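Architecture and fold: a report
What follows is each chain in one-letter form.
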Amino acid sequence: MALEHTSGRNGSLFAGALPRPRKRRRAARQQYEAYLFLLPWFAGLFILTAGPLAASLYLSFTDFDLLGSPTWIGLANYIDLFTYDPRYLGAFGVTVLYVALGVPSQLAVALLVAILLNQKVRALGLFRGIYYLPSLLGGSVAVAVMWRQIFGDGGVVNQFLGLFGIDAPNWISNPRYALYTLILLHAWQFGSAMVIFLAGLKQVPQELYDAAEIDGAGRWRQFRHITLPMITPVIFFNLVMGIIHSFQAFTSAYIVSGGTGGPSDSTLFYTLYLYQEGFTSFHMGYASAMAWVLLVVIALFTALNFAFSRRWVFYGDQ
């Protein structure tokens, strides 16, 4: 009986050990299947992203006109950017001003609208859709053309001001005001940030507001001491994404200025000048150097945001 019991135990052990190679083959097959499904993504990564990145980095050290072969010139393109090209420095300054004014304006409007839409009102879903609509259309060519008509000579804005006897200028043709019309357009595209703010506001516990109201805190104090600290991670996310997208702004400046960056380069965004150098003047090596400088600038701004976020962004586990 003992022998039979032992053999039974051994048999059960062998029975459990026999399928192990089969399990290994099954695991290997599953890995192969996973890599097979990921193959299109890897192909897109290396062919559409990593490959062009490496090519542009190489071209940034060459003189390349899209027609002939690239000629290696080392750091000449990067030196010319900061020493011999005043338009480049001007485009960089215009873009920084656009980011410095446009991003805070957009976030402020988005947060204000999100707070209003967080109230209990009728047809709230309809209002949310209406306010989100500009972000769906704001980056399109059609809206940029509409914006040009609104702020052009004889546009809707000037017609409205004319009702009060105000002789308004042609906003987009005046170097003093042209950039601010684009900043206003950027602030108008607040829908995406608004939706994220609205989601963050929904996560603030109502008990905090109830306790503050019992202690006699008004709406402003509740907003300052409860709402703002609780949604700082959301503000930080929108800030980082807003800066990245604003540095890459192109369509609005191209359409409103007719592709020139005028008047007097007042709307010459960084990406617009990069486009002019690469695809109008055929200085593709020079444009590639501009692209990599932009990448470094965006990375630097992002790193600074993360570094300073420790001082004002509060998370639930802190």
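Up top is the structure.
Residues numbered from 1 in each chain as written. Predicted model: local features only at pLDDT ≥ 70, side-chain atom pairs only at ≥ 80, totals over all residues. Heavy atoms only, no water.

**A word on the pattern of salt bridges**
Heads up, the rule is: Salt bridges are counted wherever a side-chain nitrogen of Lys or Arg sits within 4 Å of a carboxyl oxygen of Asp or Glu. By definition, any uninterrupted DSSP run of H or I lasting at least four residues is a helix, any uninterrupted run of E lasting at least two residues is a strand, and each is numbered from the N terminus. Each residue is placed in one exposure class: buried if its accessible area under a 1.4 Å probe, protein chains only, is under 20% of its type's maximum, exposed if it is over 50%, and partly exposed if it falls in between.
Applying the stated rule across the entire model yields one salt bridge. For Arg87, the salt bridge is made with Asp265, and the minimal N-O distance between the two is 3.1 Å. Placement of Arg87 in helix 4 (residues 86-117) and of Asp265 in the loop between helix 13 (251-256) and helix 14 (270-280) is noted, with a sequence separation of 178 residues between them. In this structure Arg87 comes out as partly exposed when scored by relative accessible area, which is 31%.

**A look at the nonpolar core**
Using the following cut-off: The term nonpolar core refers to a set of buried residues drawn from Ala, Val, Leu, Ile, Met, Phe, Trp, Tyr and Cys, joined through side-chain atoms within 4.5 Å. Between two residues, a contact is recorded if the distance between any of their heavy atoms is within 4.5 Å.
Grouped together as the largest cluster of nonpolar side chains are 65 residues, with contacts concentrated most on Phe197, Phe269 and Met290. Per element, the largest residue contribution to this core is twelve residues, and it comes from helix 4. Setting aside its immediate chain neighbours within four residues, Met290 contacts Leu81, Tyr88, Tyr270, Tyr273, Leu274 and Glu277.

**A closer look at the packing of helix 4 against helix 12 (residues 232-247)**
Basically, it comes down to this: Every axis in this analysis is a line fitted to C-alpha atoms, fitted for helices over the stretch in contact. Angles between the N-to-C directions lie between 0 and 180 degrees. Any angle that falls under 35 degrees is termed roughly parallel, while one over 145 is termed roughly antiparallel, one within 65 to 115 roughly perpendicular, and all others oblique. Throughout, a crossing is termed right-handed when the near helix is turned clockwise from the far one, and left-handed when it is turned anticlockwise from it by less than a right angle. Residues are grouped as follows: nonpolar covers Ala, Val, Leu, Ile, Met, Phe, Trp, Tyr, Cys and Pro; charged covers Asp, Glu, Lys and Arg; every other residue, Gly included, is treated as polar.
Here helix 4 crosses helix 12 at 140°, and the two axes come no closer than 9 Å. Looking at the two axes, helix 4 sits oblique to helix 12. Relative to helix 12, helix 4 is oriented so that their crossing is right-handed. Here Thr95, Val96, Tyr98, Val99, Val103 and Leu107 of helix 4 come into contact with helix 12, specifically with Asn238, Leu239, Gly242, Ile243, Ser246 and Phe247. Along the lines of polarity and charge, the residues of the contact of helix 4 with helix 12 split into eight nonpolar, four polar and no charged.

**Some points on unusual backbone geometry**
Both trends apply: most residues other than glycine have a negative phi, and most peptide bonds are in trans. Residue Pro263 is bonded to the preceding Gly262 through a cis peptide linkage, with omega at 0°. With respect to the helices, strands and loops of the structure, Pro263 is situated in the loop between helix 13 and helix 14. The phi dihedral of Leu66 falls on the positive side, at around 75°, and the residue is not glycine. Residue placement: Leu66 occurs in the loop between strand 1 (62-63) and strand 2 (71-72). Of note in this structure, Asp265 is not a glycine but carries a positive phi near 60°.

**What about a nonpolar patch on the surface?**
Selection rule: Patch members must show over 30% relative accessible area and no salt bridge, and they are joined within 9 Å when carrying like charges or within 5 Å when they are nonpolar side chains of Val, Leu, Ile, Met, Phe, Trp or Tyr. A 1.4 Å probe and the Shrake-Rupley method give the accessible areas. Residues count as covered only by the protein chains that appear here.
Side chains of Tyr32, Tyr35, Leu38 and Trp41 sit close together on the surface and give an oily, nonpolar patch of about 520 Å² of accessible area. Tracing the chain through its elements places Tyr35 in helix 2 (residues 20-59).

**Some points on the layout of surface pockets**
Defined as follows: Here the term cavity refers to a set of points on a 1 Å grid, laid over the protein atoms alone, in which a 1.4 Å probe fits but cannot get out; the term pocket refers to an open set having protein on both sides within 12 Å along at least five of seven lines, with lining residues being those that place an atom within 4 Å of a point. Grid points are joined across faces, edges and corners, and a volume is the space filled by probe spheres set on the points.
Put simply, the largest pocket is a space of about 640 Å³. Elements with a contribution of two residues or more to the lining of the largest pocket: helix 4, helix 9 (191-202), helix 10 (206-214) and helix 11 (219-230). Split into classes, the residues belonging to the lining of the largest pocket amount to six nonpolar, five polar and five charged.

**Side note on a positive patch on the surface**
Basically, it comes down to this: When charges are tallied, Lys and Arg are placed among the positive residues and Asp and Glu among the negative ones, while His and the ends of the chain are skipped. Where a charge lies is defined by one atom per residue type: Lys uses NZ, Arg uses CZ, Asp uses CG and Glu uses CD.
On the surface, Arg20, Arg22, Lys23, Arg24, Arg25, Arg26 and Arg29 cluster together into a patch of positive charge. Counting through the fold element by element, Arg25 comes out in helix 2.

**Focus: the packing of helix 3 (residues 76-83) against helix 15 (residues 284-312)**
Axis separation between helix 3 and helix 15 bottoms out at 9 Å; the angle between their running directions is 70°. Looking at the two axes, helix 3 sits roughly perpendicular to helix 15. In this structure, helix 3 uses Asn77, Tyr78, Asp80, Leu81 and Phe82 to contact helix 15, whose residues at the interface are Gly285, Tyr286, Ala289, Met290, Trp292 and Val293. Broken down by class, the residue content of the contact of helix 3 with helix 15 amounts to eight nonpolar, two polar and one charged.

**Some points on the packing of aromatic side chains**
Quick reminder of the rule: Aromatic contacts are taken between Phe, Tyr and Trp rings whose centres are within 6.5 Å, Trp giving its six-membered ring; a plane angle under 30 degrees counts as stacked, one over 60 as edge-to-face, and the others as tilted.
One pass over the full model with this rule turns up 20 aromatic pairs. Pairing Phe61 with Trp72 gives two aromatic rings, centres 5.5 Å apart and planes at 25°, and the pair type is stacked. A residue pair is termed long-range when its members are at least 10 positions apart, and Phe61 in the loop between helix 2 and strand 1 and Trp72 in strand 2 qualify at eleven residues. A relative accessible area of 55% places Trp72 in the exposed class. The structure contains a cluster of three or more aromatic residues connected by ring pairs, namely Tyr58, Phe61, Trp72 and Tyr78.

**Here we look at helix 6 (residues 141-150)**
Defined as follows: For this quantity, the arc is that covered by the directions from the helix axis to the C-beta atoms.
Among the residues of helix 6, those classed as buried are Val143, Ala144 and Trp147. Here the buried residues of helix 6 occupy an arc of 100° about the axis, which is enough to place them on one side. Relative to its buried face, helix 6 has exposed residues pointing more than 90 degrees away, namely Ala142 and Gln149.

**Overview of the environment of Thr260**
Short version of the rule: Polar contacts, as used here, are pairs of N or O atoms within 3.5 Å; protein pairs need one atom able to donate a hydrogen and one able to accept it. Residues neighboring in sequence count only if both atoms are side-chain atoms.
Tracing the backbone shows Thr260 in the loop between helix 13 and helix 14. In this structure, Thr260 is in contact with Arg87, Asp265, Leu268, Leu272 and Gln276, ignoring residues within four places of it in sequence. Among the polar contacts made by the side chain of Thr260, one reaches the main-chain carbonyl oxygen of Ser257 at a distance of 2.8 Å. A polar atom in the side chain of Thr260 sits 3.2 Å from the backbone nitrogen of Gly262.

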